[in-house]
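Descriptive analysis of the structure
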Amino acid sequence: KSTTPEGTREQLEGWLPRERWGEINALWVGFGQEVQQQKEKMLKKALTCSSPLEALALIKKLRFDVSKEAKRYGLEDDVRKAMGS
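These numbers come from a predicted model, not from an experiment.

Here is what the cut-offs are and how they apply
Residues numbered from 1 in each chain as written. Predicted model: local features only at pLDDT ≥ 70, side-chain atom pairs only at ≥ 80, totals over all residues. Heavy atoms only, no water. 1 Å grid on protein atoms, 1.4 Å probe; cavity = no way out; pocket = protein on both sides within 12 Å on 5 of 7 lines; lining within 4 Å. Points joined across faces, edges and corners; volume = space filled by probe spheres on them. Helix = DSSP H or I, 4+ residues; strand = E, 2+ residues; numbered from the N terminus. Nonpolar A, V, L, I, M, F, W, Y, C, P; charged D, E, K, R; others polar. Axes fitted to C-alpha atoms, helices over the stretch in contact; angles between N-to-C directions. Parallel < 35°, antiparallel > 145°, perpendicular 65-115°, else oblique. Contact = heavy atoms within 4.5 Å. Buried < 20%, exposed > 50% of the residue type's maximum accessible area, 1.4 Å probe, protein only. Arc of directions from axis to C-beta.

**Regarding the layout of surface pockets**
The calculated volume of the largest pocket comes to roughly 1000 Å³. Sorting the residues of the lining of the largest pocket by element identifies helix H1 (5–15) and helix H2 (21–37) as the ones contributing at least two each. Here the element with the most residues in the lining of the largest pocket is H2; it accounts for ten residues. In terms of residue class, the lining of the largest pocket is made up of eleven nonpolar, eight polar and five charged.

Below, the structure is given as structure tokens:
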């Protein structure tokens, strides 16, 4: 598990075939930017996708504070519903 962008890059390069680096990098960079800069949009996407519970679990693994952001954007009830509580 890496704690720095450089460490993450090195880990990914260790198992990802070199010919796929450009394609995958564009996907991960865009995803990372959305998680960090467009939190309301990311949370709403997770809540409205076909598997919201799994989507919320994924963004939690990315250090996205679902509870905090749900409260910030008035989506607490939606999150509770998606989590089955």
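**Re the packing of H2 against helix H3 (residues 39–48)**
Packing of H2 against H3 brings their axes to within 5 Å, and their N-to-C directions diverge by 105°. Classified by the angle between their axes, H2 and H3 sit roughly perpendicular to one another. Residue-level contacts link Phe31, Glu34, Val35, Gln36 and Gln37 of H2 to Lys39, Lys41, Met42 and Lys45 of H3. Residues that form the contact of H2 with H3 fall into these classes: three nonpolar, two polar and four charged.

**Section: the packing of H3 against helix H4 (residues 52–61)**
Remark: H3 packs on H4, axes separated minimally by 7 Å, with the N-to-C direction vectors making an angle of 145°. Seen from H3, the contacting residues are Met42, Leu43, Ala46 and Leu47; seen from H4, they are Pro52, Ala55, Leu56 and Ile59. Of the residues belonging to the contact of H3 with H4, the class tally is eight nonpolar, no polar and no charged.

**Examining H3**
Residues Met42, Leu43, Ala46 and Leu47 constitute the buried set of H3. Angularly, the buried residues of H3 cover 130° about the axis, an arc narrow enough to put them on a single face. Of the surrounding secondary structure, the elements contacted by the buried residues of H3 are H2, H4, helix H5 (66–72) and helix H6 (76–82).

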